[in-house]
Amino acid sequence: MTMLVFMLTLAWCLAAVLTVFLRRVQMCFTPGWQVRLLAVGGLALALATLTSTLALLCAAGVFWHLPEPVLWVVVGSGVMLAGWRPSVHLFRMCQLSRGSDVFRRAAIGSHRLLIVGDDVAQAFAVPGRGGTVVATDGLRKVLTAAEFEAVIRHERAHLRHHHHFYVQMAELAACINPLLGRWCGAVRFAAERQADEDAAQAGRAVVARALTKAALLTSQASLAVPGRLGISAGADTVVRRVGALRGPGPRRQRAAPLVAAVLLLAVIGADLVGTSDWIQDRLIPEAGESVSVVYR
């Protein structure tokens, strides 16, 4: 019984503690490692908390001696409720990807850069096969050549590092478990910081100026044209990014936090497998499995 309680609460305890100390966790890793570890860890935690909750429902059904068909209905209902928001999110992402085909088809040449005749200052990356960077004339006119090139390098870094993939992992994790909602912002911020550092290889001051100008222009454009996708986030995020660019680049990643992160991911994975196996033992016992094993 003690082991069962430990299995059912471990993932939830880890999710709560890591979310509370998320900012401190980020400080232990470079932006590139933050993107990967937070995205993968967040999704693993979301799945582990889901299986823990389903295992709790299953345990309650066994304790109350519910008939097997009723137990199937209870667990199946939990799966459907938990899968509703992720399914809607994935459907919307598929629609958005199909709608973005117009940019991918319009971009020609090996540079995959599309300049749109729009006075509103904007730039963004369109991921997928034939990933494309889209920028407007409005942005190119107000930035110097070096600043505009820094923005393009920033957006290409998003494509090169597949940031969209990791961001969607974090979004799915938050859909499965709303407790992990803060992880989405953390992954997005880390992705922007990694792209900033990639662009800053040609000069940190230039990227800082370009980011500051783009933030001001985008905020004005968003007021004029509601719903338009921006290239920068809130003021606090921009201030943090510019502040980081004003200082030295990130230090080399230390090995100790990486080892700790890998071990923690292994623990989360073991808990996920353990709770999933516990549910399977009660819903679909393996052939030849004794009752003492199934109901231990």
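Residues numbered from 1 in each chain as written. Predicted model: local features only at pLDDT ≥ 70, side-chain atom pairs only at ≥ 80, totals over all residues. Heavy atoms only, no water.

**Section: the overall build of the chain**
Stage number 1. Check the secondary structure of the chain and you find 13 helices and three strands.
Stage number 2. Within the chain, buried positions represent 43% of all 296 residues.
Stage number 3. Contacts spanning at least 24 positions in sequence make up 68% of the contacts within the chain whose residues lie at least 6 apart. (Helix = DSSP H or I, 4+ residues; strand = E, 2+ residues; numbered from the N terminus. Buried < 20%, exposed > 50% of the residue type's maximum accessible area, 1.4 Å probe, protein only. Contact = heavy atoms within 4.5 Å.)

**Examining the sheet that holds strand β1 (residues 113-116)**
Stage number 1. Reading across the sheet, the three strands line up as β1-β3-β2 and stay open at both edges, with mixed pairing between neighbours. At either end of the open sheet lies a strand with only one pairing partner, and these are β1 and β2 (123-126). In this sheet, adjacent strand axes meet at a mean angle of 20° when their direction is disregarded. (Pairing = 2+ DSSP bridges. Axes fitted to C-alpha atoms, helices over the stretch in contact; angles between N-to-C directions.)

**Re the UniProt feature "transmembrane region" (unreviewed entry) in the chain**
Stage number 1. Under the UniProt annotation, "transmembrane region" (unreviewed entry) lies at residues 6-25, 37-64, 70-88 and 255-273.
Stage number 2. Structurally, residues 70-88 is divided into 100% helix and 0% strand, and its ends, taken at the C-alpha atoms, are 27 Å apart.
Stage number 3. Helix makes up 100% of residues 255-273 and strand 0%, and the two end C-alpha atoms of the span are 27 Å apart. (UniProt positions renumbered as here; feature names shortened; annotations may be inferred.)

**Remarks on the pairing of strand β3 (residues 132-136)**
Stage number 1. Along β3, five of the five residues are buried, which leaves the element largely enclosed by surrounding structure.
Stage number 2. Both faces of β3 are covered, namely the face carrying T132, V134 and T136 and the face carrying V133 and A135.
Stage number 3. Taken together, the four bridges between β1 and β3 define a ladder with parallel strand orientation. Opposite V116, over in β3, you have T136 as the bridge partner.
Stage number 4. Here β2 pairs with β3 via four bridges, running antiparallel.

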